[in-house]
Amino acid sequence: ALTEFWPKLRAAKANIEAVACDMSAAYWSAVLEHLPKAALVFDRFHIVKLANEAIDEVRRGLQNTLDLTGRKAIKGKRYLLLRGKENLRPEQQPALDEALQWNEPLSKGYYLKEELRELWNQPSHQDACAYLQDWILRARHSGLTPFERLAKTLLTHAKSILNYYLHRITSGKMEGINNKIGRLTRLAYGYR
């Protein structure tokens, strides 16, 4: 999709300082190849999505090893674990607390996920750098394989994650438009 875009961008002589994108190697390698002077900013949404995938993997792994009581405590709690704490309705909080109380690995993973979300609330680039380093260290020593893998990924791409504090851009609008296009496509299924 970008093959025809790069020559048009060069012809326009656009001065691109930074590019926000997801962590797909196809996107960031194309940006680095065609815009070597532009800063790469990995979008928050995609990083939090990786953390959600990690907590979901922990949940699935636990579900297979727990006794009946433990399985009941986490059954049906997937979306509570994936949802941000600020988005929980008051009546949902006790169910989440019960699931976290029964399972130390799940609790540890949930709090790591929520703490990672706080990265983008740091007051400065320097504070965010220290916060990310601390989070990576805790995730690497968590004993949770999905979070250890995530820590390795974030360490590899820390510069592009922290570039947010230098450029303050996201791909949120584009993601929203893509979501609307996908929704319209699904709603129109079957129409000529």
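All values reported here derive from a predicted model rather than from experimental measurement.

Reading the values: rules and limits
- Counting of residues starts from 1 at the beginning of each chain's written sequence and follows it residue by residue.
- Only residues with pLDDT of at least 70 get local features here, since the model is predicted, and only at 80 or more are side-chain atom pairs given and counted; chain-wide, interface and lining totals rely on the full set of residues.
- With hydrogens and water excluded, all non-hydrogen atoms of the structure serve as input to the side-chain values.
- Between the N-to-C directions of two axes lies an angle of 0 to 180 degrees, each axis being a line fitted to C-alpha atoms and, for a helix, fitted only over the stretch in contact.
- Numbering of helices and strands runs from the N terminus; a helix is a DSSP stretch of H or I covering at least four residues, while a strand is a stretch of E covering at least two.
- Angle categories are assigned with fixed cut-offs, so that under 35 degrees is roughly parallel, over 145 is roughly antiparallel, 65 to 115 is roughly perpendicular, and the rest are oblique.
- Handedness of each helix crossing follows the sense of rotation of the near helix against the far helix: counterclockwise by less than a right angle gives left-handed, clockwise gives right-handed.
- Contacts are residue-level and defined by heavy atoms, with any inter-residue pair within 4.5 Å sufficient.
- When residue character is reported, Ala, Val, Leu, Ile, Met, Phe, Trp, Tyr, Cys and Pro are called nonpolar, Asp, Glu, Lys and Arg charged, and the others, Gly included, polar.
- The salt bridge definition used is simple: a Lys or Arg side-chain nitrogen within 4 Å of an Asp or Glu carboxyl oxygen.
- Throughout this description, buried means an accessible area under 20% of the type-specific maximum (1.4 Å probe, protein chains only), exposed means over 50%, and partly exposed covers the range between.
- Take the buried residues of types Ala, Val, Leu, Ile, Met, Phe, Trp, Tyr and Cys, join any two whose side-chain atoms come within 4.5 Å, and each joined set is a nonpolar core.
- Only protein atoms enter the calculation, which uses a 1 Å grid: trapped sets of points that fit a 1.4 Å probe without letting it out are cavities, open sets showing protein on both sides within 12 Å along at least five of seven lines are pockets, and any residue with an atom within 4 Å of a point is a lining residue.
- Grid points are joined across faces, edges and corners, and a volume is the space filled by probe spheres set on the points.

Undergrad: What's the story with the packing of helix α7 (residues 104-117) against helix α9 (residues 145-156) in this structure? I'm lost.
TA: Two measures define how a pair of helices packs: the angle their axes make with one another and the distance between the axes. Orientation of α7 relative to α9, taken along the N-to-C sense of each, is 20°, at an axis distance of 11 Å. By the criterion of interaxial angle, the relationship of α7 to α9 is roughly parallel. Relative to α9, the crossing made by α7 is left-handed. When α7 is examined against α9, the residues Gly109, Leu112, Lys113 and Leu116 are found in contact with a partner set consisting of Phe147, Leu150 and Leu154. A class-by-class count of the residues in the contact of α7 with α9 yields five nonpolar, one polar and one charged.

Undergrad: I keep staring at the pattern of salt bridges and nothing clicks. Help me out?
TA: Any two side chains of opposite charge can pair, given that their charged atoms come close. Summed over all chains, the structure comprises ten salt bridges. We note a salt bridge from Glu114 to Lys113, for which the minimum N-O separation is 2.6 Å. Overall, Glu114 belongs to the buried group, its relative accessible area being 12%. Residue Glu114 pairs with Arg117 through a salt bridge whose shortest N-O separation is 3.0 Å. Of the two residues, Glu114 and Arg117 both sit in helix α7, three residues apart, roughly one turn of that helix.

Undergrad: What is the right way to read the environment of Glu175 from this model?
TA: Assignment of secondary structure puts Glu175 in helix α12 (residues 172-187). Along the chain, Glu175 and Asp22 lie 153 residues apart, while their C-alpha atoms are 9.9 Å from each other.

Undergrad: Please explain the nonpolar core as it appears in this structure.
TA: As a rule of thumb, soluble globular proteins bury nonpolar side chains together. Judged by nonpolar contacts, the single largest core of 52 residues is most densely connected at Leu106, Leu132, Trp135, Phe147 and Leu154. In contact with Phe147, not counting residues within four places along its chain, are Ala51, Ala54, Ile55, Val58, Gly109, Leu112, Lys113, Trp135, Ala139 and Ser142.

Undergrad: Looking at this structure, how should I read the layout of surface pockets?
TA: Taking a probe equal in size to a water molecule and rolling it over the atoms shows the remaining empty space. There is about 420 Å³ of room inside the largest pocket. Contributing to the lining of the largest pocket are 18 residues, with Leu2, Ala20, Cys21, Tyr27 and Met174 lying nearest its centre. Those elements giving two or more residues to the lining of the largest pocket turn out to be α1 (5-11), β1 (18-21), α2 (25-34) and α12. At four residues, the largest contribution of residues to the lining of the largest pocket is made by α2. Across the lining of the largest pocket, the residue classes tally to 15 nonpolar, one polar and two charged.

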